[in-house]
Amino acid sequence: MSEPVFFPLAGPVPLREVASLSGAALPPGADGEAVIRAASPLESAGPDDLAYMDNAKYADALGATRARACLVTPRFAARVPEGTIALVTPQAYRGFATVLARLFPSAARPVSLFGATGVSPGSFVHPTARLEPGVVVDPGVVIGPEAEIGAETVLAAGCVVGPRVRIGRGCAIGPNASVLHAFLGNRVIVHGGARIGQDGFGFAMGPGGHLKVPQVGRVIIQDDVEIGANTTIDRGASRDTVVGEGTKIDNLVQIAHNVVIGRHCVIVAQVGISGSTTLEDYVVLGGQVGVVGHLRIGMGAQIAGSSNINKDVPAGARWGGTPAKPVREWFREMTTLKNLAARSRDEGGEG
């Protein structure tokens, strides 16, 4: 049985193009027409491969690499071994990502699982839906009445697009994702199993039972947002849930109704954001952060993984812990507790 190739190579890339894509300059004497055929880690790279290095932890691997070329930050340029071309750039990892997308374009976003072009006969597209040229619709896709899908968007097998949903151009909706009551901008990526636009968790609580509050808002997702697998974004109750342009959301994130997320935020796996909370631009939430409702997290704030936020966070702050607080205060508290525990153990003679 042959071994499958999941991400076919788009073709070899000349070294001069690698340098241009990554923002590096070719060193004197380097052959710009030499080709890069693949990208590999430092330790396994061969004479046709590109590698990168921007972390001192891998200095030994850099010194032993056999890669044809290596993207490095200026700090590590002198460690590149003879026989490997040093492509020096301030952002080696970012440059590597750009070249990787050129080598393996099918890995950058969900693609047709059926090799489909156009609308597959096995899909279900309502006659009032409007699809611009170049839309790819896999078998099993359901597109509801009056939905509109922009040019060059891909809808992978089994995904559902609800009535009157708008999806922009160049988007990719992964397998078995659902998009309801939502407007998506251009170049939005939604990975498999994500749920967008379902009910928010809204109930009028009372001793006689909990009365469901109809959720009549929408989800607005701006350009260049990426949403991870099995993430859920609830529609608003009476106003919209909004995700700002360029924001990146990992797998298994829960975003509740009326949440507003700014531009270029980063939200890591298993985060839960309660209703009506606002994240300003460039906020970073580490994995498993929990945020209670009706709070504001200021622009550029960073929250450490597994923290819980129960009050507003000022712009530019770095917080951690449960309940979360400025990291210096959190570290002092942890150090004090550690010292108290050690003293208690010593005084009690415990081994």
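Going by the structure above, here's the rest.
From a predicted model like this one, the values you see are computed outputs, not experimental measurements. Counting starts from 1 at the beginning of each chain's written sequence and moves along it residue by residue. This being a predicted model, a pLDDT of at least 70 is required before a residue's local features are given, and a value of 80 or more before pairs of side-chain atoms are given or counted; all residues contribute to the totals for chains, interfaces and linings. With hydrogens and water set aside, each side-chain value is computed from the structure's full complement of heavy atoms.

> In this structure, what is going on with the sheet that holds strand β17 (residues 182–184)? I would like to understand it.
Strand pairing in a sheet is mediated by backbone hydrogen bonds. Such pairs are either parallel or antiparallel. The strand order across the open sheet formed by nine strands is β8-β11-β14-β17-β22-β25-β28-β31-β34, and the pairing between neighbours is parallel. A strand with exactly one partner marks an edge of an open sheet, and here the two such strands are β8 (130–131) and β34 (296–297). Note: two strands are recorded as paired if DSSP finds a minimum of 2 bridges between them. Helix and strand definitions follow DSSP, with helices as H or I runs of at least four residues and strands as E runs of at least two, each counted in order from the N terminus.

> Is there a simple way to explain the pairing of strand β6 (residues 85–88) in this structure?
Within a regular beta strand, the side chains point alternately toward one face of the sheet and then the other, so they alternate between its two faces. Only protein chains enter the accessibility calculation, which uses a 1.4 Å probe; a residue is then buried when its area is under 20% of its type maximum, exposed when over 50%, and partly exposed in between. On β6, burial follows the alternation: I85 and L87 on one face are buried, whereas A86 and V88 on the facing-out side are not. Where strand β5 (residues 69–72) and β6 come together, four bridges link them in parallel fashion. Its bridge partner lying in β6, C70 is registered against A86.

> Teacher, can you tell me more about the sheet that holds strand β37 (residues 318–320) here?
Pairing in this open sheet of 11 strands is mixed, and the strands run β9-β12-β15-β18-β23-β26-β29-β32-β35-β37-β38 from one edge to the other. The strands lining the two open edges of the sheet, one partner per strand, are β9 (136–137) and β38 (325–326). Note: β37 against β38, two bridges, orientation antiparallel. Following the sheet pairing, G320 is matched in β38 by K325.

> What exactly am I supposed to notice about the pairing of strand β4 (residues 49–53) here?
Counted residue by residue, β4 has four buried out of five residues, so it is predominantly covered. The pairing of strand β3 (residues 38–39) with β4 spans two bridges and is classified as parallel. Its bridge partner lying in β4, A39 is registered against L50. Where β4 and β5 come together, four bridges link them in parallel fashion. When the bridges of β5 are listed, A51 appears paired with C70. The path from the first strand over the helix to the second decides the hand: if it runs clockwise while the strands point away from the viewer, the crossover is right-handed. Assessed by its sense of winding, the connection that carries the chain from β4 through helix α2 (residues 59–64) to β5 is right-handed.

> Would you explain the environment of R296 in this entry?
Relative to the helices and strands, R296 resides in strand β34. In this structure, the C-alpha to C-alpha distance between R296 and I36, residues 260 residues apart in sequence, is 47 Å. Any pair of residues with heavy atoms lying within 4.5 Å of one another is described as a contacting pair. In this structure, R296 is in contact with T278, E280, D312 and V313, ignoring residues within four places of it in sequence.

> How should I be thinking about the environment of S120 in this particular structure?
As for its placement among the helices and strands, S120 is situated in the loop between α3 (92–103) and β7 (124–125). For S120, a relative accessible area of 6% translates into the label buried. Each C-alpha atom, one on S120 and one on G63, is 51 Å from the other, the two residues being 57 residues apart in sequence. Sequence-distant contacts of S120, that is, excluding residues within four places in its chain, are made with V137, D138 and P139.

> Explain the packing of aromatic side chains to me, please; I cannot follow it from the model alone.
Ring pairs (aromatic) are described by centroid distance and by the angle formed between their planes. Note on ring pairs: Phe, Tyr and Trp rings are taken, using the six-membered ring of Trp, and paired if centres are within 6.5 Å. Classes follow the plane angle, with under 30 degrees stacked, over 60 edge-to-face and the rest tilted. Going through the model one piece at a time under the given rule, you end up with four aromatic pairs. Ring centres of F201 and F203 lie 5.0 Å apart, and the angle between their planes is 70 degrees; on these two criteria the pair is classed as edge-to-face. Look at F203 and you get partly exposed, because its relative accessible area is 31%. These aromatic residues form a ring-pair network of at least three members: Y52, Y93 and F96.

> Would you mind showing me how to read the pattern of salt bridges here?
For side chains bearing opposite charge, pairing can occur when the charged atoms are close. Every case where a carboxyl oxygen of Asp or Glu lies within 4 Å of a side-chain nitrogen of Lys or Arg is listed as a salt bridge. Taken as a whole, this structure holds 15 salt bridges when the rule is applied. Note that K212 and D199 form a salt bridge whose closest N and O atoms lie 2.5 Å from each other. One end of the pair, K212, is in strand β21 (residues 211–212); the other, D199, is in the loop between β19 (195–196) and β20 (203–204), and 13 residues separate them in sequence. For D199, a relative accessible area of 30% puts it in the partly exposed group. Close ionic contact of R235 with D199 constitutes a salt bridge, the shortest N to O distance being 2.6 Å. Within this pair, whereas R235 is found in the loop between β24 (232–233) and β25 (241–243), its partner D199 is found in the loop between β19 and β20, the two being separated by 36 residues in sequence. One continuous salt-bridge network, built from bridges that share partners, spans R37, D48 and R68.

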